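# A closer look at the structure
Take a look at the letters that make up each chain.
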Amino acid sequence: MQLGVCYYPEHWPEERWAIDARQMVETGLARVRIGEFAWSRIEPEPGRFEWDWLDRAVETLHEAGLGIIMGTPTATPPKWLVDRMPDMVALDRSGRPRGFGSRRHYCFSHEGYRAEAERITRAVAERYGQHPGVVSWQTDNEYGCHDTVQSFSPAARDAFRQWLADRYGAVEALNAAWGNVFWSMEYRSFGEVELPNLTVTEANPAHWLAFRRFSSDQVVRFNKAQVDILRELSPGRDITHNAMGFYTGYDHYDLAADLDVLGWDSYPLGFLEMFRFSEEEKRAYAHQGHPDIAAFHHDLYRGCATGGRWSVLEQQPGPVNWARHNPAPLPGMVRLWTLEAYAHGAEMLCYFRWRQFPQAQEQMHAGLLRPDAVPAPALGEAQEAASDLESLGAAGETVKQAALVFDYAAEWMTQIQPQGEGKSALWAAFRSYSALRKLGLNVDIVSPGASLDGYALVVVPCQPIVSDTLAASLDNFDGQLVIGPRSGSRGMDFAIPDTLAPGKLAELVGGTVTLSESWRPGLLIAGEGWEGTGWFDHLEGEAEPDMTGSDGRVACWKHGKTRYAACWPEGSFIDALIARAAADAGLPSAPLPEGLRQRRVGDRLFTFDYTDASVRWEDAS
């Protein structure tokens with residue numbers, strides 16, 4: 001695994017560039033990521049390009065021995081372009097424009113902006129596509145950040161109508177698929193279909209699901225247009241993009257199909273603070289991040305990536321600027337995060353950023369250097385990690401133990417129709433993943449169409465739509481299965497199947513869900529050492545009780561190799577359920593000490609201690 005850093009030469013005096021480049025190499029860094037926000041400096045006026053400064057920056061970094069990851073600057077279109085094309089900006093759910101003054105102020109469906117994005121991509125690729133210092137390309141930056149995948153603009157409406165016509169063929173087919181006879185929602189033509197925002201009460205869930213699919217497809221289409229240009233003008237170089245944490249606005253499996261390497265941006269402390277962790281977890285891991293945040297995304301994006309090739313394009317080195325509270329990492333955590341990425345198979349890890357910028361929105365975001373160019377604490381840890389990686393060499397093959405099935409449409413559906421507050425497929429997946437990791441297991445997160453060969457245990461936390469491919473794969477799987485609530489409960493257009501949930505999985509589960517309840521906090525089924533909360537499925541059929549509460553209600557059913565979770569997969573309930581399934585699968589089923597996580601790769605066993613930020617490895621052969 002190579003190490004790199006994000007650098008913005010346009011932010012600093014030119015006389016610093018060579019000093020910075022030399023210091024990067026001395027730290028042990030081999031890659032430098034530049035250019036993704038530089039459109040206004042590259043093209044300060046329409047059609048007038050100023051390349052000289054960027055030419056010199058590229059040469060300086062290349063001469064120092066750094067491989068350059070060049071970004072296309074389409075995440076920050078300049079003011080002159082917005083003024084020329086004011087309808088290129090996205091509209092939010094309330095119909096308000098997402099205006100100029102920060103970033104990501106464009107609508108993916110606007111044909112004029114897409115043409116401009118292709119034009120600037122082509123210009124940059126023509127200039128640097130054959131430069132020996134440019135070893136890789138990054139498209140745009142963080143698609144969807146700041147809630148920008150969905151646009152409710154006229155351009156999005158018109159594109160959505162065409163997308164629906166292509167998908168359904170006839171408006172009668174759409175009406176039937178969506179159940180539009182309900183509330184007199186039937187359309188006479190695709191031209192009558194509006195976007196699903198601004199309705200008096202909730203819009204048809206099938207309408208929302210179609211719009212979510214459309215919005216995801218627009219991101220993939222936008223990205224592919226850039227990828228095609230880069231492949232034409234800079235052949236033989238990897239193309240990547242930087243995905244985000246706990247973000248599901250578009251389907252990363254689809255995006256990654258057009259990339260060589262899928263990257264993501266790792267901010268464990270910011271994510272701990274901003275997402276749905278308990279106050280106890282936030283206090284306990286304030287300076288480390290929850291032990292499963294980084295690993296979950298490593299394994300998710302490895303599972304999304306073509307050929308499993310993935311990297312970390314931004315790694316938190318210190319306090320960030322965007323969370324509710326922004327503590328510093330515990331000494332040793334930057335090194336731990338780096339080596340954990342290595343153990344999960346990353347090809348590269350880039351620290352964000354080289355030097356803290358003293359102005360604008362991110363002036364409080366730490367770097368490897370302070371604003372005054374004095375080393376920040378993370379610089380020494382990056383240097384130590386580089387030394388570790390040199391001694392470790394290639395990581396080796398991942399040891400297969402457990403697979404977890406995750407589908408982006410599942411999360412869209414639980415956002416559209418949660419039925420109970422907070423009942424999210426993404427967080428069902430995270431808590432199931434965490435339960436597996438607490439046992440010290442290797443976990444691969446896989447798509448519903450992936451092969452399950454070689455695993456002893458497969459977990460499907462929440463999969464409302466079950467394809468024929470997934471149903472057959474689970475049926476043919478020889479190991480232990482755990483299937484969570486709502487799985488098989490809907491068809492492709494959000495309709496309840498005629499056979500009820502779990503639909504195509506009924507034979508595996510050994511029963512039919514006749515009623516589903518969602519529970520407020522405090523309602524629970526209590527068993528020995530566990531509590532089932534949040535949800536309760538009434539199952540009828542051949543399955544036998546596996547986890548029964550003190551009041552006789554069944555929280556988990558078992559039928560052959562399959563366990564079905566009747567309660568929501570979280571807390572002590574999912575920990576106990578997965579421990580039972582792991583034991584039956586012949587895998588470790590005793591929990592590790594608090595804060596400890598392990599990873600088996602090649603002939604080594606890595607142990608990551610989140611209580612004291614230490615890492616150790618030993619021969620596991």
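Predicted, not measured: the structure shown is a model, and the values here were computed from it. (Residues numbered from 1 in each chain as written. Predicted model: local features only at pLDDT ≥ 70, side-chain atom pairs only at ≥ 80, totals over all residues. Heavy atoms only, no water.)

## What to know about the sheet that holds strand β4 (residues 134-138)
Rules: Note on pairing: DSSP must find at least two bridges between two strands before they are called paired. Secondary structure elements follow DSSP: runs of H or I of four or more residues count as helices, runs of E of two or more count as strands, with numbering from the N terminus. Axis lines are fitted through C-alpha atoms, for helices just across the contact stretch, and the angle between N-to-C directions can take any value from 0 to 180 degrees. Residue contacts are counted whenever heavy atoms from the two residues lie within 4.5 Å of one another.
Read once around its circumference, the closed barrel built from eight strands follows the order β1-β2-β3-β4-β5-β6-β7-β8, with strand pairing classed as parallel. Averaged over all neighbouring strand pairs, the angle between strand axes comes to 25 degrees, with direction disregarded. By the bridge criterion, five bridges tie strand β6 (residues 261-266) to strand β7 (residues 310-315) in an arrangement that is parallel. By the bridge assignment, glycine 263 is partnered in β7 with serine 311. Against the sheet, helix α5 (residues 111-128) touches β3 (67-71) and β4, its axis set at about 170 degrees to β4.

## What to know about the pattern of salt bridges
Here is the rule we go by: Salt bridge, as used here: a side-chain nitrogen of Lys or Arg that lies within 4 Å of a carboxyl oxygen of Asp or Glu. Three exposure classes are used, based on accessible area relative to the maximum for each residue type with a 1.4 Å probe and protein chains only: buried under 20%, partly exposed in between, and exposed over 50%.
The final tally for this structure, using the stated rule, is 43 salt bridges. A salt bridge links glutamate 347 to arginine 309, with the shortest nitrogen-to-oxygen separation between them at 2.6 Å. With glutamate 347 in the loop between α13 (333-343) and β8 (348-351) and arginine 309 in the loop between α12 (293-304) and β7, this residue pair connects regions lying 38 residues apart in the sequence. With relative accessibility at 26%, the residue arginine 309 sits in the partly exposed group. Put simply, aspartate 584 and arginine 563 hold a salt bridge, and the shortest N to O gap is 2.8 Å. With aspartate 584 in helix α19 (residues 571-584) and arginine 563 in strand β19 (residues 562-565), this residue pair connects regions lying 21 residues apart in the sequence. Exposure remark for aspartate 584: the relative accessible area of 43% places this residue in the partly exposed category. Judged by relative accessible area, arginine 563 falls into the buried class, the value being 3%.

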